[in-house]
Amino acid sequence: MITITEKSPKKFRAVFVNRIQNYCLDCLAYLIEANSMRTDNTKNRERRKECQHQAFLKLKLLGYMAFLSLESGCILKKQYEQISLQVADCINLLVAWRKSDANRFGK
């Protein structure tokens, strides 16, 4: 993402580029936090589920911000397509992870 957004025009960097990069980093932080949690008690499982949900929301926001960036001319169509594919892959993996957790913990 940083490679894609670093070549954006300067006038968009404060609005779109910073948001896109922050959503990416926030999502990564939530995923790492969720993955590092022990699942030996209910409180930790709930916190893990919440981190997964927050990561999902950040991914959705990232996809929308990328769309707005495309519409504003901040990124190219080819770059938007790449971001969209990556976001979709991450969402699919996250959904599969949540289903696996649900099956594993019997909920």
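Here the structure is a predicted model, which means the values were calculated and not measured.

Reading guide: rules and limits
- Residues numbered from 1 in each chain as written.
- Predicted model: local features only at pLDDT ≥ 70, side-chain atom pairs only at ≥ 80, totals over all residues.
- Heavy atoms only, no water.
- Salt bridge = Lys/Arg side-chain N within 4 Å of Asp/Glu carboxyl O.
- Helix = DSSP H or I, 4+ residues; strand = E, 2+ residues; numbered from the N terminus.
- Buried < 20%, exposed > 50% of the residue type's maximum accessible area, 1.4 Å probe, protein only.
- Patch = residues over 30% accessible without salt bridge, like charges linked within 9 Å, V, L, I, M, F, W, Y side chains within 5 Å.
- Areas by Shrake-Rupley, 256 points an atom, 1.4 Å probe, with all protein chains shown as cover.
- Polar contact = N/O pair within 3.5 Å; in protein donor to acceptor, adjacent residues only side chain to side chain.
- Contact = heavy atoms within 4.5 Å.
- Expected span 1.5 Å × (residues − 1).
- Disulfide = S-S within 2.5 Å.
- Axes fitted to C-alpha atoms, helices over the stretch in contact; angles between N-to-C directions.
- Parallel < 35°, antiparallel > 145°, perpendicular 65-115°, else oblique.
- Left-handed = near helix turned anticlockwise from the far one by under 90°.
- Nonpolar A, V, L, I, M, F, W, Y, C, P; charged D, E, K, R; others polar.

Chemist: Help me get a handle on the pattern of salt bridges, residues and values and all.
Modeler: All told, the structure shown has four salt bridges when counted by the stated rule. Residue Asp101 pairs with Arg48 through a salt bridge whose shortest N-O separation is 2.8 Å. Residue Asp101 is located in helix H4 (residues 77–105), and its partner Arg48 is located in helix H3 (residues 42–72); the two are separated by 53 residues in the primary sequence. Judged by its relative accessible area of 6%, Asp101 falls in the buried class.

Chemist: Pulling in residues and values, what's your account of a nonpolar patch on the surface?
Modeler: Judged by side-chain polarity, Leu25, Leu28 and Ile32 come together as a nonpolar surface patch covering roughly 290 Å² of accessible area. For Leu28, the position within the fold is in helix H2 (residues 10–36).

Chemist: Account for the side chain of Asp101, with residues named and values stated.
Modeler: Within the structure, the side chain of Asp101 is placed 2.8 Å from the side chain of Arg48, a separation counted as a polar contact. Setting aside its immediate chain neighbours within four residues, Asp101 contacts Arg48 and Gln52.

Chemist: I'd like a rundown of H3, residues and numbers included.
Modeler: In a regular helix each residue adds 1.5 Å, so 31 residues correspond to 45 Å; H3 covers 45 Å between its end C-alpha atoms and thus fits that length. Remark: Gly73 follows H3 within two positions and exhibits a positive phi of approximately 85°.

Chemist: I'd like to hear about the environment of Ala55, residue by residue, with values.
Modeler: Considering the arrangement of structural elements, one finds Ala55 in helix H3. Separated by 32 residues in sequence, Ala55 and Tyr23 place their C-alpha atoms 9.0 Å apart. In contact with Ala55, other than residues within four places in its own chain, are Cys27, Tyr30, Leu31 and Leu94.

Chemist: I'd like to hear about H4, residue by residue, with values.
Modeler: For an α-helix, 3.6 residues make a turn, and residues three or four places apart therefore share a direction. Compared with the 42 Å implied by 1.5 Å per residue over 29 residues, the 42 Å span of H4 between its first and last C-alpha is a close match. Of all the residues in H4, the buried ones are Gln79, Ile83, Val87, Ile91, Leu94, Trp97 and Asp101. Looking one or two residues beyond H4, the residue adopting positive phi is Gly106, at roughly 70°.

Chemist: With reference to specific residues and values, describe the state of the cysteines.
Modeler: By definition, a disulfide links two cysteine residues through a covalent bond between their sulfur atoms. Across all of its chains, the model carries zero disulfides by this definition. Of the cysteine sulfurs around Cys24, a residue in no disulfide, the closest is that of Cys27, at 7.5 Å. Among the cysteines around Cys90, which has no disulfide bond, Cys27 carries the closest sulfur, lying 6.2 Å off.

Chemist: Provide a residue-level description of the packing of H3 against H4, including the pertinent values.
Modeler: Where H3 meets H4, the closest approach of the two axes is 10 Å, and the angle between their N-to-C directions is 165°. Comparing the axis directions of H3 and H4 gives the class roughly antiparallel. In this structure, H3 meets H4 at a crossing whose hand is left-handed. Residue composition of the contact of H3 with H4, by class: 15 nonpolar, three polar and eight charged.

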